[in-house]
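Okay, here's what each chain looks like letter by letter:
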Amino acid sequence: MKFFRHCLILLSSMLVSLIGFIGVTSADDHKGFKIGVVTFLSGPAAEPFGVPAWNGGKLLIKLLNEGKVPAPYNKKGFGGMEITAIPIDEAGGATKQVQEFRNLVQRDKVDAVLGYVSSGDCMAIPSVADELQALTVLYDCGTPRVFEDASYKYVFRTAAHAAMDNIAIAKYLIEKGHDISSIAGINQNYAWGKDSWKDFSVSIKKLSPNSEIKNELFPKIFSGQYGTEISALMNSKAKVVHSSLWGGDLQSFILQAKPRGLFKRTQVVFSAGDHVMPGLGKQYPEGVILGARGQYGMMAPDTPLNNWFYKAYMDEYGVFPAQPPYRMVQGLMGLKMAIEKAMDNNGGKKPNKDEIAEAFTGLEFEAPGGLVQMKLGNGHQAIQPHAIGKTAKDKDGNIIVTDIVRYKASCVNPPNGINAVDWISAGFPGADC
Amino acid sequence: MIDEILTIILDGAIYASWLFIVALGLTFVFGVLKILNIAHGGIYALGAYSTATLVPIFYSLGMPDQLVILTMLVSALAVAIVITPIMERGILRRFYGQDEVLIVLVTYAIYLVLEDVQKLIWGMNSLYVYEPRELLGALELGSLYYVGYDLALIGLAIFCGLLLWLVLNKTKSGKIVLAVIHNPEISGCMGVNINKVYLAAFFVGAFLAALAGSFTAPLISVQVGISVAVVIESFAVVIIGGLGSIPGAVIGALIIGMARAACVHKLPEAEIFIMYFCMAGMLIFRPKGLFQGTQARKI
Amino acid sequence: MPLKLLNNVIFQSIFLMSLLIVVGVFIPNWLVFVITKAIAYGLVGLGIITLMRGGLVSFGQGFVFGIGGYTAGLLGTQAGLTDAMLLLFISFLFTGFIGLIIAPLLARYRDIFFAMLSLACSMVLYGILIKIDAIGGSDGFVLPESTYFGISPSPEYADYILYVVSILMTGVVSILLRYYYNSTPGLIALAVRENELRVEYLGSSAFNVTVLNFTIAAGLGGMGGALNGIALGHIDPEFTYWTTSGEFVFISILAGYLSVPAVFLAALLLELVRSFSGRYFPDTWQLILGVFLILSIIFIPSGIGSFFKQFFDKFKNK
């Protein structure tokens, strides 16, 4: 009988402490709107990417709750509901993120999850999101495959995917008359890197069939050391070097390649090259052609909404906003628009996930980076206008972006129903430039 | 063609030097204390962080630029001085004489602790300290540009390896250490202070780990997680070279370094895989590595 | 093994399993999920303690964990096989088979070399997996939702049903393992741990016992990997990375090799820490685990299993 007694005591004490803990942790807030925000708060992607994004998000949420955001976002919070956010670190890999996602949805009982920078995470989360029927807004990750390989009910991506970045850069190179007789690439060995290179190289081959691909390098993500790769790139003597490196990897690459003269000897293009500018300051090389994955940072459009946001961020953090905060803010604004639209439809009550999902599908909304239209993926995937520019030094030696060319959304994004790669290979049919 | 081969050799040498400096401490500590120190990667990271902290302070003091190397050495020394008493005397000494694998597990636990210590002290941000890299300028070799600092790494690796080997084999203290490696018990009976030797050896190992981190800091962005890859890469070197052997570490580093450089230039797809491939190859054919650690002839 | 002892083991196991299944109805979904994952990790830990009883610590169980996970995943996506119990069983057999092939290579080595060899094996597999784009490369791939005898459970119950299935299958495995531990080869393993040379002189083969242990450990690890993949709905090469293997070692050292339930308790502890770490203490959870490990090595060298053994011994002596 002692055995049973021991078991019972052990089990009941565990249960009691658990129930107590659960009671403390899962405060069910019916009045406000709770969101989980997932982005890189540690590791190589934190300082250039995740932290600025969360800074932008924090700032916008604060201003929204105070009702200080200009129209059409001037309602307080989300349709009057106060916004509370739970930030979660995206580091640790897709398997860990699936767990954290489940925690947010099942334990913290959030009303929506906004997040995900890494394309790897964006490939893993959506099916779990639909399985748990949790409203999920992907705000950043780039792989086109999320809505090309499958379709989801509760998952939305409020920013254009990577195809746009690489198609636009290819067009820019040709329009500006650069020598693209040979190209090489260094991209990270995972979905984002591989898809970026594919979109770029296929675009170049389509627009300039005689171009030769000299070298295709795929170092491990977060590897941080590119000495050998830089030698290989320089040895190949390619006229254009393409890279979708980002975060700490991009910073390391620039710091390692610059003293070796890579940027002087070849035309380097960074498909997502702007977010390391605040950190590197004057160290950023001149003459680099870059995209910011949208009209962001120094390439942002001159609109009242953008000017407001640029100033608000600058005032708060003392540094200009590059793509990360723009995209997080874009996600929040899209979510807000969808929620308020759903509330208009259901008579002003707090909308449930189905109502929000229905309102979100096919939505169009203004963001600091331009007009966002949820046109692809059956209304779940956004397209937006783009801008490509070139870095140069101003009279004080600061790095600025010049020679900016803007592209309409329908010029560099595939239409609904066709994969990005297929669209490029077919010669961009239906592109409206 | 010659150009390319030269590039591969040079790149391979630079990477091999880095690997060697990183793995030297690991193999030495195993040779003397018979401890496979997983926390070696953690000490490496601490060395990088400490350099990233001390060098900016140095620059703000306005001293001549060349002395920055001294600062980096001091930062590595500081890490070793702090870590050795805590790790060796405080924790590891309790386990001497017990199962080798048990001590490895203890070093694994310490590794976990060190990972969070980095986060707690320096936060989640990345630190940059690229100024020392510009000290030695750049060199034009053929059609390629190499940074002097990277080439100097080769010199540093040779220097460290040679110095350690000379001290071990040609000095009196070194021979005492060799005696302890051969047979701690008898050495103790002959009057050698075993504990002191262990402490000193661990200190040297920790210093080398921190040194590797210090001199790598100008090349990378110093952030949480740099230790993870280092653990496995240093392991690969010692597996191939043989635990406890310095010449083994040299050969191991060269094999991996050259293989990887060749891959990046000729077969980029295999680049990530090649290191594990070498490791696997060695394990199938000669699991104890190319060289044995120092061993006495036993009756 | 005396009949009375066997009966006790079966009786206790059935009691524990029923208790867990009943409790599972009342606890929240996230906890059900955590326990399921703990069971998956615990299975791998069981594999390691099987080896530990023979004096070896494997630092590369990520190898079999990954193989099991990918087996279940590929069968699901390529062959349309989604029955959870079938997947667990097939992974167990297949990974055990792979273990049987690899075992002779590793079984001759001891101590550090065995640990490093197993580590190297897992890293080689890692290097291969991140390069094969057809199975997702470093991103891995998503597993289809699992079915049970052809029925696809609704989302509210999916977690619980997987939980019940894993408890049942693990319960059966644990009973069989306890039987194995008390059988001749199991007891010889303990002898090998003490003094291998004497075992050889007395006529038994340490090599054979090691191969057997390794195969069982492989099968268990594979089953754990499959369960983990199915529970998460996702698999990636991180399953085989050395840090994952380190977690399994953590569980085994904490639990010790004396008791089977202790392994699952240790796994549950790890999972709970991990589950809450993301939100509440992202900067210190590894530190906590590290300190825990050192303390348990110093103060509870036989693992928390030694406490359990006292319970069961008291019951035995009634």
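This text gives an overview of the structure that appears in the document. Just so we're clear, the structure is a prediction, and the values are computed from it rather than from any experiment.

Each value, and the rule that gives it
- Residues numbered from 1 in each chain as written.
- Chains lettered and ligands numbered in written order.
- Predicted model: local features only at pLDDT ≥ 70, side-chain atom pairs only at ≥ 80, totals over all residues.
- Helix = DSSP H or I, 4+ residues; strand = E, 2+ residues; numbered from the N terminus.
- Buried ≥ 20, exposed ≤ 12 C-beta atoms within 10 Å, placed from the backbone.
- Contact = placed C-beta atoms within 7 Å.
- Nonpolar A, V, L, I, M, F, W, Y, C, P; charged D, E, K, R; others polar.
- Core = buried A, V, L, I, M, F, W, Y, C linked by C-beta atoms within 7 Å.
- Domains from an automatic or database assignment.
- Pairing = 2+ DSSP bridges.
- Axes fitted to C-alpha atoms, helices over the stretch in contact; angles between N-to-C directions.
- Parallel < 35°, antiparallel > 145°, perpendicular 65-115°, else oblique.
- Left-handed = near helix turned anticlockwise from the far one by under 90°.
- Expected span 1.5 Å × (residues − 1).
- Bend = angle between axes of the 7 residues up to and from the residue.

## Focus on the overall build of chain C
Part 1: Within chain C one finds 13 helices and two strands.
Part 2: For chain C, the residues scored as buried account for 54% of the 318 residues in total.
Part 3: Across chain C, every contact between residues at least 6 apart in sequence was considered, and the portion connecting residues at least 24 apart equals 83%.

## Concerning the interface of chain A and chain C
It is common to give the size of an interface as the accessible area lost on bringing the parts into contact.
Part 1: Chain A puts 29 residues into the contact, and the matching count from chain C is 25 residues.
Part 2: Elements with a contribution of two residues or more to the side of chain A that touches chain C: helix 1 (2-25), strand 2 (83-89), helix 3 (94-107) and helix 4 (119-132) of chain A.
Part 3: No other element matches the nine residues that helix 3 of chain A contributes to the side of chain A that touches chain C.
Part 4: When the residues that make up the side of chain A that touches chain C are grouped by side-chain class, the tally is 13 nonpolar, ten polar and six charged.

## Observations concerning the nonpolar core
Part 1: Among the nonpolar cores identified, the biggest contains 356 residues, and A210(B), M279(B) and A120(C) are the most heavily contacted of them.
Part 2: Per-element tally for this core: the top contributor is helix 1 (residues 2-33) of chain B, with 19 residues.
Part 3: Split by domain, the residues of this core number at least three in each of domain 1 (33-160 + 302-383) and domain 2 (163-298 + 385-425) of chain A.
Part 4: When sequence neighbours within four positions are dropped, the list of residues in contact with A210(B) reads I43(B), Y44(B), L46(B), G47(B), A76(B), V79(B) and A80(B).

## Structural notes on the pairing of strand 14 (residues 386-393) of chain A
Residue and element names in this part refer to chain A.
Part 1: As defined by bridge partners, strand 10 (residues 289-291) adjoins strand 14 across three bridges and the pair is classed as antiparallel. Bridging across to strand 14, L290 finds its partner in G389.
Part 2: Sheet analysis places strand 14 next to strand 15 (residues 399-407), joined by seven bridges and oriented antiparallel. Paired with K393 across the bridge in strand 15 is I399.
Part 3: As consecutive antiparallel partners, strand 14 and strand 15 are separated by five residues, and within that stretch G397 has a phi angle of approximately 90 degrees, a positive value.

## Examining the pairing of strand 3 (residues 112-115) of chain A
The side chains of a regular strand alternate between the sheet's two faces.
Residues and elements named next belong to chain A.
Part 1: Neither face of strand 3 is exposed, since A112 and L114 on one face and V113 and G115 on the opposite face are all buried.
Part 2: Across four bridges, the pairing between strand 1 (residues 33-39) and strand 3 is parallel. Across the sheet, G36 pairs through a bridge with V113, a residue of strand 3.

## Brief notes about the sheet that holds strand 7 (residues 212-217) of chain A
Residues and elements named next belong to chain A.
Part 1: Reading across from one edge, 7-6-8-9-10-14-15 is the order of the seven strands in this open sheet, with mixed pairing throughout. Looking along the sheet, the strands with just one partner apiece sit at the ends: strand 7 and strand 15. Within this sheet the neighbouring strands show an average axis-to-axis angle of 20 degrees, counted without direction.
Part 2: Bridging between strand 6 (residues 182-186) and strand 8 (residues 240-243) involves four bridges; their strand directions are parallel. Directly across from I186, in strand 8, lies its bridge partner S243.
Part 3: Along the sheet, helix 7 (residues 191-207) contacts strand 6, strand 7 and strand 8; its crossing angle with strand 6, the most-contacted strand, is approximately 175 degrees.

## A closer look at the interface of chain B and chain A
Part 1: Of the residues lining the interface, 31 residues belong to chain B; the matching set on chain A comes to 30 residues.
Part 2: Contributing elements (two or more residues each) for the side of chain B that touches chain A: helix 1, strand 2 (144-147), helix 10 (246-266) and helix 11 (271-285) of chain B.
Part 3: The dominant element in the side of chain B that touches chain A, judged by the number of residues it contributes, is helix 1 of chain B, at five residues.
Part 4: When the residues that make up the side of chain B that touches chain A are grouped by side-chain class, the tally is 16 nonpolar, seven polar and eight charged.

## With respect to the packing of helix 1 of chain B against helix 5 (residues 148-170) of chain B
Residues and elements named next belong to chain B.
Part 1: Where helix 1 meets helix 5, the axes come as close as 8 Å, and the angle between the chain directions of the two elements is 30 degrees. What the angle tells us is that helix 1 and helix 5 run roughly parallel. Crossing geometry of helix 1 relative to helix 5 is assigned as left-handed. On helix 5, the residues touching A13, I14, S17, W18, F20, I21, L24 and F28 of helix 1 are D150, L153, I154, L156, A157, C160, G161 and L164.
Part 2: Its residues assigned to classes, the contact of helix 1 with helix 5 comprises 13 nonpolar, two polar and one charged.

## Considering helix 6 (residues 162-175) of chain A
All names here are of chain A.
Part 1: Taking 1.5 Å of rise per residue, 14 residues should cover 20 Å, and helix 6 covers 20 Å from first to last C-alpha, within 8% of that figure.
Part 2: Taking burial as the measure, the 14 residues of helix 6 include twelve buried ones, the bulk of the element.
Part 3: Taken together, the buried positions of helix 6 are A162, A163, M164, D165, N166, I167, A168, I169, A170, K171, Y172 and L173.
Part 4: Note on helix 6: the residue one or two positions beyond its end, G177, has a positive phi of about 75 degrees.

## Here we look at the environment of L151(B)
Residue and element names in this part refer to chain B.
Part 1: Residue placement: L151 occurs in helix 5.
Part 2: Judged by the 17 C-beta atoms lying within 10 Å of it, L151 falls in the partly exposed class.
Part 3: Residues L151 and L139, twelve residues apart in the sequence, show an inter-C-alpha distance of 9.1 Å.
Part 4: Residues within four places of L151 in sequence aside, it is in contact with L139 and Y146.

## Some thoughts on the packing of helix 3 (residues 68-91) of chain B against helix 8 (residues 194-216) of chain B
Residue and element names in this part refer to chain B.
Part 1: Closest axis-to-axis distance for the helix 3/helix 8 pair is 8 Å, and the angle between their directions is 140 degrees. Between helix 3 and helix 8, the interaxial angle falls into the category oblique. Relative to helix 8, helix 3 is oriented so that their crossing is right-handed. Counted together, M72, S75, A76, L77, V79, A80, I83, T84, E88 and R89 of helix 3 and Y198, L199, F202, F203, A206, F207, A210, L211, S214 and F215 of helix 8 form the full contact between these two elements.
Part 2: Of the residues belonging to the contact of helix 3 with helix 8, the class tally is 15 nonpolar, three polar and two charged.

## What to know about unusual backbone geometry
A negative phi angle characterises most non-glycine residues, just as the trans form characterises most peptide bonds.
Part 1: Following A71(A), the chain continues to P72(A) via a peptide bond in cis, the omega torsion being 5 degrees.
Part 2: Within the secondary structure, P72(A) is located in the loop between helix 2 (46-66) and strand 2.
Part 3: Even without being glycine, K237(A) reaches a positive phi, approximately 55 degrees.
Part 4: Note on placement: K237(A) falls in the loop between helix 8 (227-236) and strand 8.
Part 5: The class for K237(A) is partly exposed, based on 13 C-beta atoms found within 10 Å.
Part 6: Positive phi outside glycine occurs at K34(B), with the angle close to 60 degrees.
Part 7: The residue K34(B) is located in the loop between helix 1 and helix 2 (40-60) in this model.

## Some thoughts on helix 3 of chain B
Residues and elements named next belong to chain B.
Part 1: In this model helix 3 runs 34 Å from its N-terminal to its C-terminal C-alpha over 24 residues, within 8% of the 34 Å that 1.5 Å per residue would give.
Part 2: Where helix 3 bends most, the angle comes to about 35 degrees, and this point is I83, followed within four residues by the proline P85.
Part 3: Among all positions of helix 3, only V68, T71, M72, S75, A76, V79, A80, I83, T84, M87 and E88 are buried.
Part 4: Check the buried side of helix 3 and you find it contacts helix 2, helix 4 (100-122) and helix 8.

## Quick look at the environment of Q267(A)
All names here are of chain A.
Part 1: Residue placement: Q267 occurs in strand 9 (residues 267-270).
Part 2: Residues Q267 and H178, 89 residues apart in the sequence, show an inter-C-alpha distance of 8.5 Å.
Part 3: If we ignore the near neighbours within four places in the chain, the residues touching Q267 are H178, K239, V240 and I289.

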